[in-house]
Amino acid sequence: MVSTTVALGVTVVTLAAFAALGVWYTREQDSSADDFLTARDSVGEGRMTATLVASVMGVWILLSAPEAGAGFGIAAVVGYAIGEAVPMLAYSRLGPRVRELLPKGHSLTEYAHARYGSAMYGFVVLVSALYMFVFVAAELTGIASALSLVAGVPQWQTAMLVGGFVLLYTSYGGLRATIVTDTVQAVLVLPILAVVVGGVVFSLGGPGAVYAGVVETNPALVDPGFLPGLQFGLGLAFAILGAELVNQTWWQRIYAGRDSDTVARGFRNATLLNSMLVFVAALLGVVAVGHANVVTDTTSAAYNADVAFFVLVESVFGEWLLLGVVLLALLLVVSSVDSLFSALASLVTADLPRLLADPDDRTLRLGARALTAVVAVAAIYVSLRARSVLRLFFFADLLGAAVAFPLVYGLYSRRLTGSGALFSSVVGLAIGLAYFPDLRGVTTALPIVGDLLPVADPLYLTSFAGAFLVSTGLALLAARLSSGAFDFDSLAETGGVPVTDGGTERDD
């Protein structure tokens, strides 16, 4: 085990270095709210790819991805990889479309209001903000659990340090600070992860010995036809696709790209890289079952599949290599949490003009920073009580799965109305919740409704696929039955009336 003092020292130095980089790089940036939110038209293909990869590469790839692999095997590994690839590929087409229709926009909620009206807008704000909040909580849960396991660092100390330092530079420099730190993190993380994975395989005797160990322990995990694994993997693909389509992190980067071609190429590059990274990370969970003391039974007090990667590394490596893994985990958590903080700030700054009468730039920035700080504190609180990072993500993913298709379909269909999109999303969410196992105690306690609920699906496929497919089918039906014809040209002025020093907002 790494000493607590050394681990805390590495944590503070790493976090302070990135905070200093973010503040220094943005010290003379454009002071407008628009630049704070979007870093509009400033990022080339290389940095676009780096920030898309780094923003995905949260510490969850060392926690929830291996947890899925440890519990459900190679089929879940493939499902996770596909789930991360498909949204990036979708954004390579959606990104240029968003820039074409809303050239002055800032956020997905801004689009939702302009395209669908207030009711759907409110629902999307709730889903997107809650999704990102749960994402932050899951990331803090992950890094706190990891440092507690390998170095005995109290979880509250890790969560406070990470949340505090990241909040410092994101609230100062906005998206530009996030992108520059993402670039450095991507450059550092990729080789460190490659060394760690290579070291694990080599230390265990090579690929043949690794495979033999898994087969001896649980052969179902390497069986691509293992039915529970297939069901779980397919459910993950639906879940991640839906969640990423309502993630403001990606909508910000659509506007940060130098032009539409840059955005499309960046997302295509990320499609390949992100799927490969997640595949390798999830596969390590399978390896951990065969070569470390990993317990996959969630009812057991000894359950540790959520830290399967760290259990594996601790059993294979010595203290100093384990310290390198701690550094890797820190880089990963910072790369995703800073993106989420920036995204939350952008939601607030873009939407406050709907609530306040002609707010100035200072009011908008203070509002964004205040809400982000509140979210950070709340996320730290939740992270200290959560048991499984994967379960936290599942709830967030369910929200996205229900609203994703109705939201983005409005970029292509003129006939889908706000009421049709909202109805489709709400019904999809209701279906997903009816089969969702993690909230079973809450949903079954509801008067009347609880007695009518179907049996929950412990593998999540019915829940995630039901939410996504039902909302998709209803949105298509609603558009077909509608006689409306939305004018896409009206979206061009979304964000078009100045409300800050350089920022923009639509005048409704």
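Each remark here, short or long, concerns the structure printed above.
First things first, this report covers the structure right here in the doc.

Some points on the overall build of the protein
- Secondary structure summary: the protein contains 20 helices and two strands in total.
- When the accessible surface of the protein is totalled, it reaches about 18,300 Å², and 66% of it is carbon and sulfur.

Some words on the pattern of salt bridges
- Evaluation of the coordinates by the stated rule reveals four salt bridges.
- With its nearest N and O atoms 3.0 Å apart, the salt bridge here joins Arg 99 to Asp 41. Here Arg 99 is found in helix α5 (residues 74-101), whereas its partner Asp 41 is found in the loop between α2 (33-38) and α3 (45-56), with 58 residues between them in sequence.
- By relative accessible area, which is 14% here, Arg 99 ends up buried.
- Note on Asp 41: relative accessible area 40%, which makes it partly exposed.
- When the shortest N-O distance is used, the salt bridge between Asp 182 and Arg 253 registers 3.3 Å. One end of the pair, Asp 182, is in helix α8 (residues 155-203); the other, Arg 253, is in helix α11 (residues 248-256), and 71 residues separate them in sequence.
- Judged by its relative accessible area of 0%, Asp 182 falls in the buried class.

Let's talk about helix α1 (residues 4-25)
- Between its first and last C-alpha, α1 extends 32 Å over 22 residues, near the 32 Å set by a 1.5 Å rise per residue.
- Turning to α1, its buried residues are Ala 7, Thr 11, Thr 14, Leu 15, Phe 18, Ala 19 and Gly 22. Relative to the axis of α1, the buried residues are bounded by an arc of 125 degrees and lie together on one face. Of the exposed residues in α1, the ones pointing more than 90 degrees away from its buried face are Thr 5, Val 13 and Trp 24.

Observations concerning the packing of aromatic side chains
- Following the criterion strictly, the structure yields 16 aromatic pairs and no others.
- Between the aromatic rings of Tyr 131 and Phe 135, the centroid separation amounts to 5.9 Å while the plane-to-plane angle is 75 degrees, which identifies the pairing as edge-to-face. Of the two residues, Tyr 131 and Phe 135 are both situated in helix α7 (residues 118-151); the distance of four residues between them amounts to about one turn of the helix. Summarising the burial analysis for this pair, Tyr 131 and Phe 135 share the class buried.
- A ring pair is formed by Phe 436 and Tyr 460, whose centres lie 5.8 Å apart and whose planes are at 65 degrees; its orientation type is edge-to-face.

Here's the deal with a nonpolar patch on the surface
- On the surface, a cluster of nonpolar side chains totalling about 340 Å² of accessible area is made up of Val 78, Ile 82, Val 86, Phe 279 and Val 280.
- At the level of elements, α5 and α12 (260-291) are the ones that each hand at least two residues to the nonpolar patch.
- Here the nonpolar patch takes three residues from α5, the largest share from any one element.

Comments concerning the environment of Leu 8
- Mapped onto the elements, Leu 8 comes out in helix α1.
- With 149 residues separating them in the primary sequence, Leu 8 and Gln 157 have C-alpha atoms 8.8 Å apart.
- The residues touching Leu 8, leaving out its near neighbours within four places in the chain, are Val 153, Gln 157 and Leu 161.

Remarks on the side chain of Gln 185
- Within the secondary structure, Gln 185 is located in helix α8.
- Apart from residues lying up to four places away in sequence, Gln 185 is in contact with Phe 18, Tyr 169, Leu 331, Val 334, Ser 335 and Asp 338.

Considerations on the side chain of Thr 271
- On the secondary structure map, Thr 271 appears in helix α12.
- Look at Thr 271 and you get buried, because its relative accessible area is 13%.
- A distance of 3.1 Å separates the side chain of Thr 271 from the backbone nitrogen of Leu 89, its partner in a polar contact.

Here's the deal with the nonpolar core
- In this structure, Trp 60, Leu 62, Tyr 91, Val 294 and Phe 310 are the most contacted members of the largest nonpolar core, which totals 159 residues.
- A per-element tally of this core places α7 first, with 18 residues.
- Excluding anything up to four places from it in sequence, Val 294 contacts Ala 70, Ala 288, Val 289, Asn 304, Ala 305, Ala 308 and Val 311.

Thoughts on helix α6 (residues 108-116)
- Judged by how many residues are buried, α6 sits mostly within the fold: nine of nine residues are covered.
- All buried positions along α6 are accounted for by Leu 108, Thr 109, Glu 110, Tyr 111, Ala 112, His 113, Ala 114, Arg 115 and Tyr 116.
- The first or second residue beyond α6 is Gly 117, which carries a positive phi of 95 degrees.

Some words on the packing of helix α4 (residues 64-72) against α5
- Running from N to C, α4 and α5 point in directions that differ by 145 degrees, and their axes come no closer than 7 Å. The residues of α5 that touch α4, namely those facing Ser 64, Ala 65, Ala 68, Gly 69 and Phe 72, are Ile 74, Ala 75, Ala 76, Val 77 and Tyr 80.
- Within the contact of α4 with α5, the residues separate by chemical class into eight nonpolar, two polar and no charged.

Cut-off values and rules
Residues numbered from 1 in each chain as written. Predicted model: local features only at pLDDT ≥ 70, side-chain atom pairs only at ≥ 80, totals over all residues. Heavy atoms only, no water. Helix = DSSP H or I, 4+ residues; strand = E, 2+ residues; numbered from the N terminus. Areas by Shrake-Rupley, 256 points an atom, 1.4 Å probe, with all protein chains shown as cover. Salt bridge = Lys/Arg side-chain N within 4 Å of Asp/Glu carboxyl O. Buried < 20%, exposed > 50% of the residue type's maximum accessible area, 1.4 Å probe, protein only. Expected span 1.5 Å × (residues − 1). Arc of directions from axis to C-beta. Phe/Tyr/Trp six-rings, centres within 6.5 Å; stacked < 30°, edge-to-face > 60°. Patch = residues over 30% accessible without salt bridge, like charges linked within 9 Å, V, L, I, M, F, W, Y side chains within 5 Å. Contact = heavy atoms within 4.5 Å. Polar contact = N/O pair within 3.5 Å; in protein donor to acceptor, adjacent residues only side chain to side chain. Core = buried A, V, L, I, M, F, W, Y, C linked by side-chain atoms within 4.5 Å. Axes fitted to C-alpha atoms, helices over the stretch in contact; angles between N-to-C directions. Nonpolar A, V, L, I, M, F, W, Y, C, P; charged D, E, K, R; others polar.

That is the geometry; function is a separate question.
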